[in-house]
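# Summary of the model geometry
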Amino acid sequence: RKEVEQDPGPFNVPEGATVAFNCTYSNSASQSFFWYRQDCRKEPKLLMSVYSSGNEDGRFTAQLNRASQYISLLIRDSKLSDSATYLCVVRDTGRRALTFGSGTRLQVQP
Amino acid sequence: EPEVTQTPSHQVTQMGQEVILRCVPISNHLYFYWYRQILGQKVEFLVSFYNNEISEKSEIFDDQFSVERPDGSNFTLKIRSTKLEDSAMYFCASSEWDRGMNTEAFFGQGTRLTVV
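Reference entry: report on the structure contained in this document. (Residues numbered from 1 in each chain as written. Chains lettered and ligands numbered in written order. Predicted model: local features only at pLDDT ≥ 70, side-chain atom pairs only at ≥ 80, totals over all residues. Heavy atoms only, no water.)

### Considering the pairing of strand 8 (residues 70–75) of chain A
Residues and elements named next belong to chain A. Taken together, the six bridges between strand 3 (residues 19–25) and strand 8 define a ladder with antiparallel strand orientation. Bridging from a neighbouring strand, Phe21 pairs with Leu73 of strand 8. Bridge count for strand 7 (residues 60–65) against strand 8 is six bridges, and the pairing is antiparallel. Within strand 8, the residue paired with Asn65 across the bridge is Tyr70. Between the antiparallel neighbours strand 7 and strand 8 lie four residues, among them Gln69 with a positive phi of about 55°. (Pairing = 2+ DSSP bridges. Helix = DSSP H or I, 4+ residues; strand = E, 2+ residues; numbered from the N terminus.)

### Some details on the state of the cysteines
Residues and elements named next belong to chain A. All told, the structure shown has two disulfides over all chains when counted by the stated rule. There is a disulfide in this structure between Cys23 and Cys88, and the S-S distance comes to 2.0 Å. Across the disulfide from Cys23 to Cys88, rotation about the S-S bond amounts to roughly -75°, and the bridge is consequently left-handed. Here Cys23 is found in strand 3, whereas its partner Cys88 is found in strand 9 (residues 84–92), with 65 residues between them in sequence. Given the relative accessible area of 1%, Cys23 is considered buried. (Disulfide = S-S within 2.5 Å. Buried < 20%, exposed > 50% of the residue type's maximum accessible area, 1.4 Å probe, protein only.)

### Structural notes on the interface of chain B and chain A
The interface of chain B with chain A comprises 24 residues on the first partner and 23 residues on the second. Taking both partners together, chain B and chain A bury about 2,000 Å²; carbon and sulfur atoms supply 50% of that area. Where chain B packs against chain A, one counts one salt bridge. Between A:Arg95 and B:Glu56 there is a salt bridge whose closest N-O contact spans 2.5 Å. On the surface where chain B and chain A come into contact, there are eight residue pairs in polar contact (both at pLDDT 80 or more). Residue composition of the side of chain B that touches chain A, by class: eleven nonpolar, seven polar and six charged. (Contact = heavy atoms within 4.5 Å. Buried area = accessible area lost by both parts, 1.4 Å probe. Salt bridge = Lys/Arg side-chain N within 4 Å of Asp/Glu carboxyl O. Polar contact = N/O pair within 3.5 Å; in protein donor to acceptor, adjacent residues only side chain to side chain. Nonpolar A, V, L, I, M, F, W, Y, C, P; charged D, E, K, R; others polar.)

### Overview of the sheet that holds strand 8 of chain A
Residues and elements named next belong to chain A. With antiparallel pairing, the five strands of this open sheet are ordered in space as 1-3-8-7-6. Strands with a single pairing partner mark the edges of an open sheet, and in this sheet they are strand 1 (4–6) and strand 6 (55–57). The mean angle between the axes of side-by-side strands here comes to 20°, regardless of whether they run parallel or antiparallel. Judged from the three bridges that link them, strand 1 and strand 3 form a sheet pairing that is antiparallel. Following the sheet pairing, Gln6 is matched in strand 3 by Cys23. (Axes fitted to C-alpha atoms, helices over the stretch in contact; angles between N-to-C directions.)

### Some remarks on the pattern of salt bridges
Residue and element names in this part refer to chain A. If you walk through the whole model with that rule in mind, you get seven salt bridges over all chains. Close ionic contact of Asp39 with Arg37 constitutes a salt bridge, the shortest N to O distance being 2.9 Å. For Asp39, a relative accessible area of 30% corresponds to the partly exposed category. In this structure, Glu56 and Arg76 form a salt bridge, with 3.6 Å as the shortest nitrogen-oxygen distance. Taken together, the positions of Glu56 in strand 6 and Arg76 in the loop between strand 8 and strand 9 put the pair 20 residues apart, joining distant regions of the chain. For Glu56, a relative accessible area of 57% translates into the label exposed.

### Examining the sheet that holds strand 8 (residues 75–79) of chain B
All names here are of chain B. Ordered by their spatial adjacency, four strands build an open sheet running 1-3-8-7, and the pairing between neighbours is antiparallel. Each having just a single partner strand, strand 1 (5–7) and strand 7 (65–68) make up the two edges of the open sheet. Sheet twist, expressed as the mean angle between neighbouring strand axes with direction ignored, is 20°. Of the pairings in the sheet, the one linking strand 7 to strand 8 comprises four bridges and is antiparallel in character. Bridge pairing in strand 8 links Glu68 to Thr76.

### Some remarks on unusual backbone geometry
Residue and element names in this part refer to chain A. Following Gly9, the chain continues to Pro10 via a peptide bond in cis, the omega torsion being 10°. Structurally, Pro10 is set in the loop between strand 1 and strand 2 (11–14). The phi angle at Arg41 is positive, at roughly 60°, despite the residue not being glycine. In this structure, Gln69 is a non-glycine residue whose phi angle is positive, near 55°. With respect to the element layout, Gln69 can be found in the loop between strand 7 and strand 8.

Right, dumping it as structure tokens:
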């Protein structure tokens, strides 16, 4: 049973496109949610936390649906520099450990 | 910008040898972690450390692994007798005192361990 599940992609999109990634998590006790970005052979870096009411940071919008145990990330006006793997990450109640999904690879093309 | 630093960036070791991976967390952070990522696979939690003791560990973190904070700045991961399947990228991370469950964990650039 996969705890955090993501479509591996790759998503190949042209510059300027809007792209959406989805993620499902299996543990209803999950309490904190994040999107991290990982470039090839580099460390994960926090892109944004995901709040219950949804939140936006520039071109990036994250949504959480606790009832469906579903998280999304929307990237508007894609840039070449957005090319990376996007990791859906959850933290369960009472735990410090982060549980990572396998990631969705995005390739933005000129 | 403060960062987590790890050394070495790449370590090659023979099967059965002991390795120590080193990390310097961000100075005012109180929680420290080790994660690993086998090539082509997802990032996996190994252990968290707070107040000089392990606060949580995963099934991967068996008796072959240990962690230590030998002084006020370093945080180390020791693998006593390496196996081929220990080959992976090992990431150290740290976070502040819990300001809420969305407290960010900052990751180091990783140590690539290759067991031959």
